[in-house]
There are 2 protein chains.
Amino acid sequence: MIRMSKLADYGVVIMATMARERQPLDATVNARDLSEKAHIPLPTVGKILKALCRGGLLVSHRGPRGGYALARLASEITVLDIISILDGPVGLTDCTVAPLGACEMEATCPVRSPWHMINRRVLDALRGLTLHEMIDSTNILDKRP
Amino acid sequence: MIRMSKLADYGVVIMATMARERQPLDATVNARDLSEKAHIPLPTVGKILKALCRGGLLVSHRGPRGGYALARLASEITVLDIISILDGPVGLTDCTVAPLGACEMEATCPVRSPWHMINRRVLDALRGLTLHEMIDSTNILDKRP
DNA sequence: TTATATAGAACAAATTCAGTCCTATTGCTG
DNA sequence: CAGCAATAGGACTGAATTTGTTCTATATAA
């Protein structure tokens, strides 16, 4: 159904929530607080935060008063970054993600190249939106046609 | 993973194959031939053809020498049409498809409106490609940046 | 009347996903 | 230094979705 996983959906919400707190880059938020703010169960939040950390979007700090913080500015994190980490490579069809030669129909497939074009547009749409734009309530995104 | 179902993927291939035959609108192709041309198992092709027929994209003809034909010109059938019929409403997140008020976070959700914008772009990309453009090997789609 | 082809529903198997839990590790703090 | 707080990473289970098949009924051409 061309739907992304709930994990990725949650991930975007969590990242947006962190960014919206407008904390300095080095200020950390722990999983428990995020769970409450985003209304997502704590174990799930933890799982997502760990993945985002491994993916390089967050930095973590262990121990008491530990937590997570954005690894870079909200304006330099895109929706595509988040989804790719949590869901793997984004692609509408297998053949847009699989390595060249993986599909035996490749040479004669009537839809291969059109799919690549559509896929590129989808990627652009996801890459074109940063966390910063997402939380900036004064942005003009919604007014665009 | 933001991937559409195989059924929808097959559906697009099948429709493109039918359109590529460049047969007149009333000429029918049966499921068996399509199965061979598209390299998809016959039962699966049958299932997809039935669904596309119910969805109004194909017309069927029973009995010996029966089969299926496009219900309208290839230039008037979009990729979005095909996917919607086989996979249901297209939407990256549940909240872009669910009726208003279905999500309790709706009022305060930090990502709701950005998602709607991204979703609109994805829909546009899918709606912007017709079956005719897809099979027209001389089209300029691939050359676009 | 018979063979061919689709209609539609029901079904079984397989894959994927969501969510939880457990143990290890790190680092603050008294 | 001892104990607590917090993340790291993996394993595991249950559920939901998806895939692909099969079976019976119906229509139609020869």
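Described below are features of the structure shown in this document. Quantities reported herein were computed from a predicted structural model and do not represent experimental measurements.

Section: the protein's contact with DNA strand D
Then, in step 1: Neighbouring DNA strand D are 25 residues; Ser-60, Arg-62 and Tyr-68 of chain A together with Lys-6 and Pro-64 of chain B lie closest to it.
Then, in step 2: Here DNA strand D approaches the protein such that, of its atoms within 4 Å, sugar and phosphate make up 66%.
Then, in step 3: The contact in question runs from a base nitrogen of DNA strand D to an N or O atom on the side chain of Lys-47 of chain B, over 2.7 Å.
Then, in step 4: Between Arg-62 of chain B and DNA strand D, the recorded distance is 2.9 Å, taken from a side-chain N or O atom to a base oxygen.
Then, in step 5: Elements supplying a minimum of two residues to the surface near DNA strand D: α3 (42-54), β1 (58-61) and β2 (67-70) of chain A together with α1 (6-20) and α3 (42-54) of chain B.
Then, in step 6: The class makeup of the residues in the surface near DNA strand D is 10 nonpolar, 9 polar and 6 charged.

Some words on the protein's contact with DNA strand C
Then, in step 1: The full set close to DNA strand C counts 26 residues, and Lys-6 and Arg-62 of chain A together with Ser-60, Arg-62 and Tyr-68 of chain B are the nearest of them.
Then, in step 2: Contact distances for DNA strand C include 2.5 Å between a phosphate oxygen and a backbone N or O atom of Lys-6 of chain A.
Then, in step 3: The contact in question runs from a phosphate oxygen of DNA strand C to an N or O atom on the side chain of Tyr-68 of chain B, over 2.5 Å.
Then, in step 4: Contributing elements (two or more residues each) for the surface near DNA strand C: α1 (6-20) and α3 of chain A together with α3, β1 (58-61) and β2 (67-70) of chain B.
Then, in step 5: Class assignment for the residues of the surface near DNA strand C results in 10 nonpolar, 9 polar and 7 charged.

Remarks on the relation of the copies chain A and chain B
Then, in step 1: It takes a turn of 180° to lay chain A on chain B, together with a shift of 0.0 Å along the axis; the resulting RMSD is 0.1 Å. Each copy turns onto its partner about a two-fold axis.

Re the pairing of β1 of chain B
Residues and elements named next belong to chain B.
Then, in step 1: Two strands pair when backbone bridges link them, and β1 and β2 are joined in this way by 4 bridges, in the antiparallel orientation. Bridging across to β2, His-61 finds its partner in Gly-67.
Then, in step 2: What sits between the antiparallel neighbours β1 and β2 is a turn of 5 residues, in which Gly-63 has the positive phi angle 80°.

Definitions and limits used
- Residues numbered from 1 in each chain as written.
- Chains lettered and ligands numbered in written order.
- Predicted model: local features only at pLDDT ≥ 70, side-chain atom pairs only at ≥ 80, totals over all residues.
- Heavy atoms only, no water.
- Near = heavy atom within 4 Å.
- Polar contact = N/O pair within 3.5 Å; in protein donor to acceptor, adjacent residues only side chain to side chain.
- Helix = DSSP H or I, 4+ residues; strand = E, 2+ residues; numbered from the N terminus.
- Nonpolar A, V, L, I, M, F, W, Y, C, P; charged D, E, K, R; others polar.
- Least-squares fit on C-alpha atoms with pLDDT ≥ 70 in both.
- Pairing = 2+ DSSP bridges.

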